[in-house]
Amino acid sequence: MDEEAFLNQVLAAIAEADVVSIFFPLLRRAMVIDLRHEDDVLPMVKIMPQAGSMDERIAGIERVRPDLGKIRSILGVPWLKSVRNLQQEGVIDGLVLRLVAAGLSPAESERLLRNAVNALWGIERIAFVSLVKGDGYKTLWKTESEK
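The notes below deal with the structure included here. The structure displayed is predicted, hence computed values, not measured ones. Per chain, residues are indexed from 1 in the order of the written sequence. Note on the predicted model: pLDDT of at least 70 is required for a residue's local features to be given, and 80 or more for side-chain atom pairs to be given and counted; whole-chain, interface and lining totals, by contrast, use all residues. As a rule here, side-chain values cover all heavy atoms of the structure and leave hydrogens and water aside.

With that settled, consider the layout of surface pockets. If a probe the size of a water molecule is rolled over the atoms, the empty space left behind becomes visible. Buriedness of a pocket was judged along seven lines, with at least five required to meet protein on both sides within 12 Å; pockets are open sets of points on a 1 Å grid over the protein atoms alone, cavities are sets where a 1.4 Å probe fits but cannot get out, and lining residues have an atom within 4 Å of a point. Grid points are joined across faces, edges and corners, and a volume is the space filled by probe spheres set on the points. Counted as a void, the second largest pocket has a volume near 180 Å³. The helix count covers DSSP runs of H or I at least four residues long, the strand count covers runs of E at least two residues long, and both are numbered beginning at the N terminus. Among the secondary structure elements, those contributing two or more residues to the lining of the second largest pocket are α4 (91-101) and α5 (106-133). Examining the composition of the lining of the second largest pocket, we find that five residues originate from one element, α5, more than from any other. Put simply, Ala, Val, Leu, Ile, Met, Phe, Trp, Tyr, Cys and Pro go in the nonpolar bin, Asp, Glu, Lys and Arg in the charged bin, and everything else, Gly too, in the polar bin. For the lining of the second largest pocket, a count of residues per class yields five nonpolar, one polar and three charged.

Dropping the structure here:
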């Protein structure tokens, strides 16, 4: 499947799912958007640790939001690109539309997503610096001076 077809599928599925979990395997985090709501319970946008499975993710969300009952549909999107690409590829715009349809104002929807993306950018920057420094990584071969 090419990249454009993948994005089109993601955007179409965002329009239908109760919960969207965009997970970043390299960061071991997920941006979780629970679009379910009631009069006194608003949709949720939250950065969560990476789950081991979709069943684990569903159980975690239902535990945090028990008043909303069982999740009927969840979309899990593995995102291997940078966090910045979420905006560039139109994913954030699609999520804003869904949050507005769920009852939030456009400004509140954009604020919640901007805060989540900013948090992910911070995590991504730390991961990148660690990669460059070699923190948490093991060398596969020795340099001449280490032999």
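Having seen the model, we can carry on.
To continue, consider the side chain of Arg36. Among the secondary structure elements, Arg36 is positioned in the loop between β2 (29-34) and β3 (44-49). Polar contact criterion, stated in full: a pair of N or O atoms within 3.5 Å, where within protein one must be able to donate a hydrogen and the other to accept it, and residues adjacent in sequence count only if both atoms are side-chain atoms. At a separation of 2.7 Å, a polar atom in the side chain of Arg36 contacts the side chain of Asp34. For Arg36, the side chain forms a polar contact with the main-chain oxygen of Leu68, separated by 3.2 Å. We call two residues in contact when some of their heavy atoms are within 4.5 Å. Arg36 has contacts with Asp18, Val19, Leu42, Pro43, Ile61, Arg65, Leu68, Gly69, Lys70 and Ile71, leaving out every residue within four places of it along the chain.

As a further point, take the environment of Ile61. Position of Ile61 relative to the elements: it lies in helix α2 (residues 54-64). Of the residues examined, Ile61 reaches a relative accessible area of 0% and is grouped as buried. Through-space distance from the C-alpha of Ile61 to that of Ile71 is 8.5 Å; in sequence the pair is 10 residues apart. Working definition: with a 1.4 Å probe on protein chains only, accessible area under 20% of the residue-type maximum means buried, over 50% means exposed, and in between means partly exposed.

Generally speaking, soluble globular proteins have nonpolar side chains that are buried together. Buried Ala, Val, Leu, Ile, Met, Phe, Trp, Tyr and Cys residues that are joined via side-chain atoms within 4.5 Å together make up what is termed a nonpolar core. Counting residues in each nonpolar core, the largest one holds 29 residues, and the members touching the most others are Val20, Ile22, Met31, Ile33, Leu95 and Leu113. Taken together, the elements giving at least two residues each to this core come down to α1 (3-14), β1 (19-24), β2, β4 (74-78), α4 and α5. Those residues in contact with Val20, other than ones at most four positions away along the chain, are Ile14, Met31, Val32, Ile33, Leu35, Leu75 and Leu95. Of all hydrophobic cores here, the second largest spans eight residues; its members include Val19, Ile58, Ile61 and Ile71.

In space, the four strands of this open sheet follow the order β3-β2-β1-β4, with mixed pairing throughout. Looking at the sheet topology across the chains shown, the edges are occupied by β3 and β4. Across the sheet, the mean angle from the axis of one strand to that of its neighbour is 20°, orientation sign disregarded. By the bridge criterion, five bridges tie β1 to β4 in an arrangement that is parallel. Along β4, the bridge assignment pairs Ser21 with Gly76. Where α1 meets the sheet, its contacts fall on β1 and β4, and the angle it forms with β4 comes to roughly 150°. Under this scheme, a helix contributes an axis fitted over its contacting stretch, all axes are lines through C-alpha atoms, and angles between N-to-C directions fall in the 0 to 180 degree range. Running at roughly 125° to β4, α2 makes contact with β1, β2, β3 and β4 of the sheet. Whether two strands pair comes down to DSSP finding at least two bridges between them.

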